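The residues making up each chain are set out below.
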Amino acid sequence: MPHQRTQRSLEIYVLMLGFFALGVNVYIVSPILPQMAQDLQRSVAEVGLLVSAYSLPYALLGPLFGPMSDRLGRKLAIVTGMGIFTAANLACAAAPGFAWLALGRGAAGIGAAIFTPAVYAYVGDRFAYAERARAMSVILAAVPAATILGLPLGGLAAGWFGWRGAFAFIGTVALAALAALRFVPRDTPQAQQATGYLGALHTLFANPAPLSALMVTFTWFMASSGIFTYLGDFFAKTFAMRTEEIALVLGAYGLMGIVGTRLGGRFSDTLGKKRSVMLGITAFGLAALSLQAASRSLPLALAVLGVWAIGIWFGLPSQQAILSELAPALRGTVMAVNNSVLYLGSAVGPAVAGQIYIAGSFSALSLYTGVVAGIALGLAALVLVE
């Protein structure tokens with residue numbers, strides 16, 4: 001038993017490193033956005049679409065990779081996804097222009113689409129439902145941790161070597177994660193008797209419980225990713241911050257995210273997983289509505305951003321745990337479709353938010369975000385089932 005616990009802990013920390021690389025990749029555009037816009041001679045809104053370039057392939061292709069880990073094994077899917085992600089980020093660092101950079105971001109999204117749901121499904125296989133939110137919270141903590149350590153380092157690399165240095169940093173971390181995956185053992189496929197990829201997806205889409213829960217994921221991340229993409233520009237214009245300083249602010253966001261993730265995992269059994277999700281969405285929505293009002297004071301703006309981070313990450317482990325138990329025989333498929341929907345929200349969010357930001361102001365964007373968060377909260381209350 002002690003040996004099994006030690007082995008499972010080692011596996012979790014290895015998978016955390018991969019999530020750390022993905023976390024830096026998700027958020028890196030925000031702090032370097034002004035620098036990239038100037039260097040590439042593109043508008044802020046155009047460069048913001050690089051977030052969508054990463055998210056959209058995930059959203060469209062994720063379901064096709066969902067049955068992969070069910071049928072072929074979690075380990076194979078995890079290694080394949082991280083390998084593609086690593087190569088794509090190194091290609092972004094060498095991209096000669098905006099078009100090639102967008103292609104590299106798209107390839108990174110494909111790698112993440114394979115890697116991420118396989119990891120979630122692997123955790124679901126290894127941990128009982130009662131323990132699963134805590135285990136999910138440990139791995140998910142790597143993503144906000146990436147904003148504490150990864151974004152400042154990526155921002156510094158961008159300050160020293162230009163924005164390409166930030167992508168080279170991500171590629172290096174991903175390469176280390178890929179090498180460490182040798183410590184994750186091979187596993188037995190969960191759906192050897194499945195009729196095929198389309199059969200697995202058909203079975204999933206015939207089940208209303210996962211489909212309803214997926215709508216919560218979509219609206220939640222449409223709201224959060226949209227406004228987050230333009231935080232760097234908000235802090236640059238409101239408080240005259242440089243790229244390195246914006247990266248440090250987002251690092252503080254990551255610290256609060258870790259706090260939220262660990263609190264969410266710890267209290268999921270006490271509060272209930274559904275209530276944890278609802279509490280997290282509520283905190284995020286209220287913070288988003290308040291950010292523009294806090295723009296006259298940097299300490300107040302940072303405090304509001306901290307509440308935002310705690311809210312987002314408090315609810316996420318419980319949402320993942322709920323989804324992982326809705327169809328255990330197709331766990332990899334469920335988690336892949338969920339992540340596809342998450343990144344569909346992350347692709348639509350910046351595109352819509354960018355238009356609102358251009359046509360109005362950050363105040364209009366803040367109001368829009370609060371409304372979408374309210375829709376996500378209402379859906380969670382109606383459809384989530386433990």
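Residues numbered from 1 in each chain as written. Predicted model: local features only at pLDDT ≥ 70, side-chain atom pairs only at ≥ 80, totals over all residues. Heavy atoms only, no water.

Draft legend 1. Quick look at the overall build of the chain. Assigned secondary structure in the chain consists of 16 helices and 0 strands. Over its C-alpha trace the chain gives a radius of gyration of 19 Å, about what one expects of a compact globule, namely 21 Å for 386 residues. Counting only residues that meet the buried cut, the chain has 58% of its 386 residues in that class. Accessible surface, the chain: about 14600 Å² in total, of which carbon and sulfur atoms supply 68%. (Helix = DSSP H or I, 4+ residues; strand = E, 2+ residues; numbered from the N terminus. Rg over C-alpha atoms; globule rule 2.2 N^0.38 Å. Buried < 20%, exposed > 50% of the residue type's maximum accessible area, 1.4 Å probe, protein only. Areas by Shrake-Rupley, 256 points an atom, 1.4 Å probe, with all protein chains shown as cover.)

Draft legend 2. Fine view of the environment of N25. Its place among the elements puts N25 in helix α1 (residues 2-27). Residue N25 is classed as buried on the basis of its relative accessible area of 0%. Sequence separation between N25 and Y54 is 29 residues, and the spatial gap between their C-alpha atoms is 9.0 Å. The contact partners of N25, leaving out residues within four places of it in the chain, are Y54, F85, N89, R105, A108 and I170. (Contact = heavy atoms within 4.5 Å.)

Draft legend 3. Examining the side chain of T261 more closely. With respect to the element layout, T261 can be found in helix α12 (residues 243-271). Taking relative accessible area as the criterion, T261 reaches 0% and is therefore assigned buried. If we skip the residues at most four places from it in the chain, T261 touches S137, L140, A141, P144, W313, F314 and P317.

Draft legend 4. Summary view of helix α15 (residues 331-359). End to end, α15 covers 42 Å across 29 residues, agreeing with the expected 42 Å (1.5 Å per residue, within 8%). For α15, the buried fraction is high: 21 of the 29 residues fall into the buried class. (Expected span 1.5 Å × (residues − 1).)

Draft legend 5. Main features of a nonpolar patch on the surface. Taken together, the side chains of I148, L149, L153, L156, W160, F161 and L255 make up a nonpolar region of the molecular surface, amounting to roughly 720 Å² of accessible area. Residue contributions to the nonpolar patch peak at 6 residues, all from helix α7 (residues 142-161). By the element assignment, F161 lies in helix α7. Its relative accessible area of 65% is what places F161 among the exposed residues. (Patch = residues over 30% accessible without salt bridge, like charges linked within 9 Å, V, L, I, M, F, W, Y side chains within 5 Å. Salt bridge = Lys/Arg side-chain N within 4 Å of Asp/Glu carboxyl O.)

Draft legend 6. Representation of the pattern of salt bridges in the model. Inspection of the entire model under this criterion finds 8 salt bridges. A salt bridge links D125 to R74; its shortest N-O distance comes to 2.8 Å. Of this pair, D125 sits in helix α5 (residues 98-126) while R74 sits in helix α4 (residues 74-93), placing them 51 residues apart in sequence. Using a relative accessible area of 29% as the deciding quantity, one classes D125 as partly exposed.

Draft legend 7. Spotlight on empty space enclosed by the protein. Within this structure, the stated rule accounts for 2 cavities of 30 Å³ or more. The volume enclosed by the largest cavity comes to roughly 430 Å³. If you go around the largest cavity, you meet 28 residues; those closest to its centre are V26, Y27, F221, L342 and Y343. Mapped by element, the contributors of at least two residues to the lining of the largest cavity are α1, α2 (29-40), α3 (44-72), α5, α10 (208-229), α14 (298-324) and α15. Split into classes, the residues belonging to the lining of the largest cavity amount to 19 nonpolar, 9 polar and no charged. A volume near 40 Å³ is recorded for the second largest cavity. If you trace the second largest cavity, you find it lined by F65, G66, M68, S69, A77, I114, P117, A118, G332 and A336. (1 Å grid on protein atoms, 1.4 Å probe; cavity = no way out; pocket = protein on both sides within 12 Å on 5 of 7 lines; lining within 4 Å. Points joined across faces, edges and corners; volume = space filled by probe spheres on them. Nonpolar A, V, L, I, M, F, W, Y, C, P; charged D, E, K, R; others polar.)

Spatial relationships are all this shows, so hold off on functional conclusions.
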